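So you can see what is in the structure, the chains are spelled out below.
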Amino acid sequence: MNRETKIGLLAIATLVIIFIGYRFLKGAGVFNSQNTFNIVYEEVDGLGTGDLVAINGFKVGTVTNVVLNPENVRSLIVSIGVDEELPIPKGASALIQSDGLLGGKFISLVFDKACSGADCAESGDYLTAAEQTVLAGLIGNPDELLPYFEILKTNVGPVIDSISSRTDTNGVGRTLRNFETTSQNLAALTQKIDLLLSRSSNDLTRTLNSVAGITANLERNNAKIGRILSSVDSTTRNLSTVDLGKTLQEVELALTDLRKTLDSSSGAIDNLNSVTRKIDNGDGTLGKLINDGEVYARVDRTMANLDLLLQDFRLNPKRYVNVSVFGKKQKEYDLPDEDPAVPYLPGPGLDVPTKSGGQ
């Protein structure tokens, strides 16, 4: 596998991890499917994406989106994702509750009985919004606390009256003032924590928006990613079917033959260089013929005599074949007007016939 393929696979794996992380931070199911339900609230009390959706305190889903109602901007549409294996009745109520004094918000689904068939809400349906006061969200139903308030009033009332009348003369008053100071400090600390959480919430929102943009790009390029994965799979299959051992063996044999050919060529070139050096040095007949001017002149005169002899034999054949056996006098040789030996000048080794008939 080449370097470009590895980089492409690493990029795809990174994008998949980012997508799964975004889905996880958003509270949506990564590998399981969910039904989506909508609820219209006039006030969400800080409820946000990713908050819990529960039934009797048991988590069954998460808040997936919170947007303004386009038909009424004074209200909000909250979308929740619930596991599709859990049937939700059409008459179920979605109640926003607080998770303790300093805890966040969550939605509690309330219904009397389970549903089946047409009585169950389908994905995309709207559920009934339910609201409660802030005090009820913190301490539950106030009516259930009335008996405890009566007991507290009966038993603690006299003690409080006694403490109130003597706050300036004993240590209890100082304790109450210290308690008031502590309460003020706690309120200031709570305000700082709320400011810190508010700033962190803005940063988290920007981060989630960035991840949402990346996810949108992934969805738009889903077809391209599919084609890339298909190409990678096809290339991997082709590589698995190639007999690399046989191919390398054939390449090695071809290189061996090429090496032998180069060695033979090198030997022939060395021989040619040796012959060339001998010729340059004047060794051998060819070297002397090229480098020695006297040898060349002799060869040239020999070739000229041979040329004259052949021409004379062609012009006077009887001179060479009609010889008297009994010593009969030969006929006088007449030199032709256009003697072929005329262009040559007499010199060493070159005999030119004359009119007297001598050779």
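The notes below deal with the structure included here. Since we're looking at a predicted model, the values are computed, not measured.

1. Comments concerning the state of the cysteines
Here's step 1: What the rule picks out here adds up to one disulfide.
Here's step 2: Here Cys115 is linked by a disulfide to Cys120, with a sulfur-sulfur distance of 2.2 Å. Here Cys115 and Cys120 share a disulfide; its torsion about the S-S bond, 110 degrees, makes the bridge right-handed.

2. Observations concerning the sheet that holds strand 4 (residues 72-83)
Here's step 1: With mixed pairing, the seven strands of this open sheet are ordered in space as 1-4-3-2-6-5-7. Edge positions in the sheet fall to strand 1 (34-41) and strand 7 (128-130), since each has one partner strand and no second. For this sheet, the mean inter-axis angle between neighbouring strands, taken without regard to orientation, is 30 degrees.
Here's step 2: Here four bridges tie strand 2 (residues 52-55) to strand 3 (residues 58-69), and the two strands are oriented antiparallel to one another. Note that in strand 3 the partner of Val53 across the bridge is Gly61.

3. Brief notes about the packing of helix 6 (residues 244-281) against helix 7 (residues 284-291)
Here's step 1: As a packed pair, helix 6 and helix 7 sit with axes 7 Å apart at the nearest point and diverge in direction by 45 degrees. Comparing the axis directions of helix 6 and helix 7 gives the class oblique. Both helix 6 and helix 7 take part in a crossing whose hand is right-handed. Within the contact between the two elements, helix 6 uses Ile279, Asp280 and Asn281 and helix 7 uses Leu286, Gly287, Ile290 and Asn291.

4. Things to note about the environment of Gly91
Here's step 1: Summarising the element assignment, Gly91 is placed in the loop between strand 4 and strand 5 (93-98).
Here's step 2: In this structure the C-alpha to C-alpha distance between Gly91 and Tyr126, which are 35 residues apart in sequence, comes to 9.7 Å.

Calculation criteria
Residues numbered from 1 in each chain as written. Predicted model: local features only at pLDDT ≥ 70, side-chain atom pairs only at ≥ 80, totals over all residues. Heavy atoms only, no water. Disulfide = S-S within 2.5 Å. Pairing = 2+ DSSP bridges. Helix = DSSP H or I, 4+ residues; strand = E, 2+ residues; numbered from the N terminus. Axes fitted to C-alpha atoms, helices over the stretch in contact; angles between N-to-C directions. Parallel < 35°, antiparallel > 145°, perpendicular 65-115°, else oblique. Left-handed = near helix turned anticlockwise from the far one by under 90°. Contact = heavy atoms within 4.5 Å.

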